[in-house]
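Letter by letter, the chains look like this.
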Amino acid sequence: RERRGRRAAPPRRRTRNLLLAFVILVGAVVSAGLLAEAVSEPPRDWDGRMHWSAQARYIRLEGSVLPLAVTRGQWFINHPRYPVLMPVAQVAVLEAVGAGEDESPFRAVYAAFFPALLLLLYDGARRWSGWLPAAVAVAAACGLRFLTFFADGGAMSTYSDLPLGCFYGAAVILLLRSRTTAADGVAAGLFLGAAALTKNEGTILAAAALLAGALPLVYLWRGRRRGRQRLLWKGARLLAAAALFVAVLAFFVFWRAGIPNRQDENYEGYVHLGSLWPEAVTRLPSFAGQILASTFLTWDHWTGFWWVYVLVLVAGRGMLVGRRAVLSRSLALAALAPLCVGWGAYSVSEGPGWLIKVTWERFLVQGTVPLLLIFALALGELLRRAPIPVKLARLSQ
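Keep in mind that what you see is a predicted model, and the values were worked out from it rather than measured. (Residues numbered from 1 in each chain as written. Predicted model: local features only at pLDDT ≥ 70, side-chain atom pairs only at ≥ 80, totals over all residues. Heavy atoms only, no water.)

> So what exactly am I meant to see when it comes to the pattern of salt bridges here?
Charged atoms that come close allow side chains of opposite charge to pair. Inspection of every chain in the model, using the stated rule, returns eleven salt bridges. Where glutamate 37 meets arginine 107, a salt bridge forms, and the shortest distance between an N and an O atom there is 2.7 Å. You can see glutamate 37 sitting in helix α2 (residues 11–40) and its partner arginine 107 sitting in helix α6 (residues 107–129), a full 70 residues away along the chain. A relative accessible area of 14% means that glutamate 37 is categorised as buried. Among the residues examined, arginine 107 registers a relative accessible area of 2% and is labelled buried. The partner of glutamate 381 in a salt bridge is arginine 384, and the shortest N-O contact between them spans 3.1 Å. With glutamate 381 and arginine 384 both in helix α20 (residues 368–385), this residue pair falls three residues apart, about one helical turn. Linked by salt bridges that have partners in common, Asp47, Asp161, Lys199, Glu201 and Arg362 make up one network. (Salt bridge = Lys/Arg side-chain N within 4 Å of Asp/Glu carboxyl O. Helix = DSSP H or I, 4+ residues; strand = E, 2+ residues; numbered from the N terminus. Buried < 20%, exposed > 50% of the residue type's maximum accessible area, 1.4 Å probe, protein only.)

> Would you mind going over the side chain of serine 160 with me for this structure?
Examined against the element boundaries, serine 160 turns out to sit in the loop between α7 (131–142) and α8 (161–176). On the accessibility criterion, serine 160 (1% relative accessible area) is buried.

> Explain α7 to me, please; I cannot follow it from the model alone.
Count 3.6 residues to each turn of an α-helix, and residues three or four apart come out pointing the same way. For α7, spanning twelve residues, the distance from its first C-alpha to its last is 17 Å, which sits close to the expected 16 Å at 1.5 Å a residue. The element α7 is largely enclosed, with a buried count of ten among its twelve residues. (Expected span 1.5 Å × (residues − 1).)

> Would you mind showing me how to read the packing of aromatic side chains here?
Given two aromatic rings, one states the distance between the centres and the angle between the planes to describe the pair. Counted under the stated rule, the structure contains 16 aromatic pairs. Summarising the aromatic geometry, the rings of phenylalanine 113 and phenylalanine 167 are spaced 5.6 Å apart at their centres and angled 90° between planes, so their arrangement reads as edge-to-face. Of this pair, phenylalanine 113 sits in helix α6 while phenylalanine 167 sits in helix α8; the two residues are 54 residues apart in sequence, bridging distant segments of the chain. The burial state of phenylalanine 113 is the same as that of phenylalanine 167; both residues are buried. (Phe/Tyr/Trp six-rings, centres within 6.5 Å; stacked < 30°, edge-to-face > 60°.)

> So what exactly am I meant to see when it comes to the packing of helix α17 (residues 305–315) against α20 here?
Packed helices, taken two at a time, are described by the angle between their axes plus the distance between the axes. It is the contact of α17 with α20, at a shortest axis distance of 8 Å, that shows an interaxial angle of 50°. Our classification of the angle between α17 and α20 gives oblique. Regarding α17 and α20, the two cross each other, and that crossing is left-handed. Side by side, α17 and α20 meet where Phe305, Trp306, Tyr309, Val312, Leu313 and Ala315 of the first sit next to Leu371, Leu372, Ile374, Phe375, Ala378, Leu379 and Leu382 of the second. Among the residues making up the contact of α17 with α20, the classes are represented as 13 nonpolar, no polar and no charged. (Axes fitted to C-alpha atoms, helices over the stretch in contact; angles between N-to-C directions. Parallel < 35°, antiparallel > 145°, perpendicular 65-115°, else oblique. Left-handed = near helix turned anticlockwise from the far one by under 90°. Contact = heavy atoms within 4.5 Å. Nonpolar A, V, L, I, M, F, W, Y, C, P; charged D, E, K, R; others polar.)

Encoded structure:
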């Protein structure tokens, strides 16, 4: 009887293992579908064909990240000063497999970012809210069509928004985790640098991630002596990440210096505090309705997820107080950063309607990791406080 008791797993553990196995199966099936589509079809999205893959062709042809077509101003090139980390990744894949000019095995790289996103999400959510909210968040990500099988921004496309969301989310998790090691700061700095080299707004998001990582330090500084001892280690981690990010950013600025800009919106040229105020407030009613419609009314893109998101957030608002308050506020800052970037662009744009239509949901993709981590925190708080059976509450831990 004693041997039989040792072999048999407790009911609680068996239930957890079954649910986790189901979520893993769903994630594996979706990821396999994305990979199968990626290796069998050429890219069909606009940005992938007209910009990122075109940049990769120039780089591969000359074996340089400064090809003549980009550095000579007489050539008609769209966004020549855009970061080229993902085009370089395309070239690496093409060279590794010896692909021809019309072959596109590099699409597998973009599809691989989706299972990476699921692993990041589960790791952070499991650490902070328990395995059940983490599993629900992962299952929700698998069911979001815009994030997976949508050709203009999801994992099936060759847009750079999902890679940026993975780099950004990984850095946020590393900067906010309670366990502090030297490797965390180095890895976070590398991810922040990768974000800056993926898209223009990656630099802003990297700064937001550092700010989110600095927010817990303020609370530690106001704490007791034990908290101030932890402050030194967390501060060292943040400084290491910031130093690496600044080094990568300096390299990026040096690279851009030799490229004449053309066929580009040049947002950094006229987006400043004077141009955003008061337009960021006065113009908000003119495009707020379209933003809400793109978020809550596009059933074929988001399958009603944002309605559930808001309800869970309201029901689990207790995460904003207590031991998870600092973490929740830091994640909220990180989640709002991509949306604020979009808000600023729409505030100075001459035609925000068209710009919202093609970019707003992609900003949501960039902030997917912190947005879903907040969802998991709220769901965990709801499971702990709601009048549900005791067994279910214990199961979520």
